[in-house]
Amino acid sequence: MKILVCTDGSEQSLKAVQKAADIVADIKEAQVTVVHVEESISHPYEIPSREHSPEGHEQLEKEHKKVLAKAQKVFEEKNVKAETAVKQGHPASTILEMASKENYDLIVMGSRGLGGIKKLLLGSVSNAVVQEAEVSVLIVK
Ligand SMILES: Nc1ncnc2c1ncn2[C@@H]1O[C@H](COP(=O)(O)OP(=O)(O)O)[C@@H](O)[C@H]1O
Ligand SMILES: [Mg+2]
């Protein structure tokens, strides 16, 4: 069983990591990949952000590696070997493309992420993935 765990570094996504680790600990032959998608594509109308300067980008990359290492540790503590991957692009479409191209059986993600609108049940990324994925999606609340 191939499992794709998605993290943006948010508390909610780390809860998803924890939940995935708890579940997967009992599944033999589970193959886990923890992915973070870097939103590096900038739009002309976007407010300049850290991602747009080379130093800012480098700094963000370091932060992402830290998040993935942290997630990997959570799995290790359950004796589950997890790979990590950093991808670039639009988070939802990148997750969907990866899941279908690499034949994942399950996608695990948090209900919300780093975004701000707390009254929504699902964030934009989890909403799009749940709607469009061809495989099952576990949304961790
Ligand atoms: N850039 C990303 N890379 C990988 N996973 C992501 C990314 N952004 C969001 N996710 C996953 O989707 C979940 C929901 O986040 P999201 O839909 O972006 O909510 P919000 O609108 O609150 O930011 C996160 O907990 C995480 O599991
Ligand atoms: Mg988000």
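Structure: above.
Nothing here was measured: the structure is a model prediction, and the numbers come from that model.

Draft legend 1. Local environment of the environment of Leu121. Position of Leu121 relative to the elements: it lies in the loop between strand 4 (106–110) and helix 4 (124–132). Separated by 20 residues in the primary sequence, Leu121 and Lys141 place their C-alpha atoms 9.2 Å from one another. Among all residues touching Leu121, those that are not within four sequence positions of it are Ser111, Arg112 and Lys141.

Draft legend 2. Main features of the sheet that holds strand 3 (residues 82–88). Read across the sheet, five strands follow the order 3-2-1-4-5 without closing on themselves; strand pairing throughout is parallel. Each edge of the sheet is formed by a strand with only one pairing partner; in this case those strands are strand 3 and strand 5 (136–140). The mean angle between the axes of side-by-side strands here comes to 25 degrees, regardless of whether they run parallel or antiparallel. The sheet contact formed by strand 1 (residues 2–6) and strand 4 spans three bridges and is parallel. Residue pairing across strands places Val5 opposite Val108, the latter belonging to strand 4.

Draft legend 3. Fine view of the environment of His57. Topologically, His57 is positioned in helix 2 (residues 54–76). The spacing of His57 and Val67 is ten residues in sequence and 15 Å in space, taken between C-alpha atoms.

Draft legend 4. Highlighting the site of ligand 1. Surrounding ligand 1, one finds 21 residues, the nearest of these being Cys6, Arg112, Gly113, Gly115 and Val125. In this structure, Gly110 approaches ligand 1 through a main-chain N or O atom, which is 3.0 Å from an oxygen atom. For ligand 1, an oxygen atom lies 3.0 Å from a polar atom in the backbone of Ser126. Isolated, ligand 1 exposes 550 Å² of accessible area, and the fraction of that covered by the protein chains is 92%. Along the lines of polarity and charge, the residues of the shell around ligand 1 split into eight nonpolar, eleven polar and two charged.

Draft legend 5. Quick look at the pattern of salt bridges. In the structure shown here, the tally under the stated rule is three salt bridges. Residue Asp22 is joined to Lys78 by a salt bridge in which the shortest nitrogen-to-oxygen separation is 3.0 Å. Of this pair, Asp22 sits in helix 1 (residues 11–24) while Lys78 sits in the loop between helix 2 and strand 3, and the two are 56 residues apart along the sequence. Using a relative accessible area of 33% as the deciding quantity, one classes Lys78 as partly exposed. Put simply, Lys101 and Glu97 hold a salt bridge, and the shortest N to O gap is 3.1 Å. Note that Lys101 and Glu97 are positioned in helix 3 (residues 91–101) at a spacing of four residues, about one turn of the helix.

Draft legend 6. Up close: the packing of helix 3 against helix 4. At a closest axis distance of 8 Å, the pairing of helix 3 and helix 4 adopts a crossing angle of 35 degrees. For the pair helix 3 and helix 4, the crossing hand works out as right-handed. Contacts between helix 3 and helix 4 involve Pro91, Ala92, Ile95 and Leu96 from the former and Val125, Ala128, Val129 and Glu132 from the latter. When grouped by side-chain class, the residues that make up the contact of helix 3 with helix 4 number seven nonpolar, no polar and one charged.

Draft legend 7. Structural context of the nonpolar core. The biggest cluster of nonpolar side chains holds 19 residues, and the ones touching the most others in it are Ile3, Val5, Val32, Val34, Phe75 and Val108. Secondary structure elements with two or more residues in this core: strand 1, helix 1, strand 2 (31–38), helix 2 and strand 4. Of all the elements, helix 1 adds the most residues to this core, at five residues. Excluding anything up to four places from it in sequence, Val5 contacts Val17, Ala20, Val32, Thr33, Val34, Val35, Phe75 and Val108. Formed by 16 residues, the second largest nonpolar core is a distinct cluster that contains Ala85, Met98, Tyr104 and Met109.

How each quantity is defined
- Residues numbered from 1 in each chain as written.
- Chains lettered and ligands numbered in written order.
- Predicted model: local features only at pLDDT ≥ 70, side-chain atom pairs only at ≥ 80, totals over all residues.
- Heavy atoms only, no water.
- Helix = DSSP H or I, 4+ residues; strand = E, 2+ residues; numbered from the N terminus.
- Contact = heavy atoms within 4.5 Å.
- Pairing = 2+ DSSP bridges.
- Axes fitted to C-alpha atoms, helices over the stretch in contact; angles between N-to-C directions.
- Near = heavy atom within 4 Å.
- Polar contact = N/O pair within 3.5 Å; in protein donor to acceptor, adjacent residues only side chain to side chain.
- Areas by Shrake-Rupley, 256 points an atom, 1.4 Å probe, with all protein chains shown as cover.
- Nonpolar A, V, L, I, M, F, W, Y, C, P; charged D, E, K, R; others polar.
- Salt bridge = Lys/Arg side-chain N within 4 Å of Asp/Glu carboxyl O.
- Buried < 20%, exposed > 50% of the residue type's maximum accessible area, 1.4 Å probe, protein only.
- Left-handed = near helix turned anticlockwise from the far one by under 90°.
- Core = buried A, V, L, I, M, F, W, Y, C linked by side-chain atoms within 4.5 Å.

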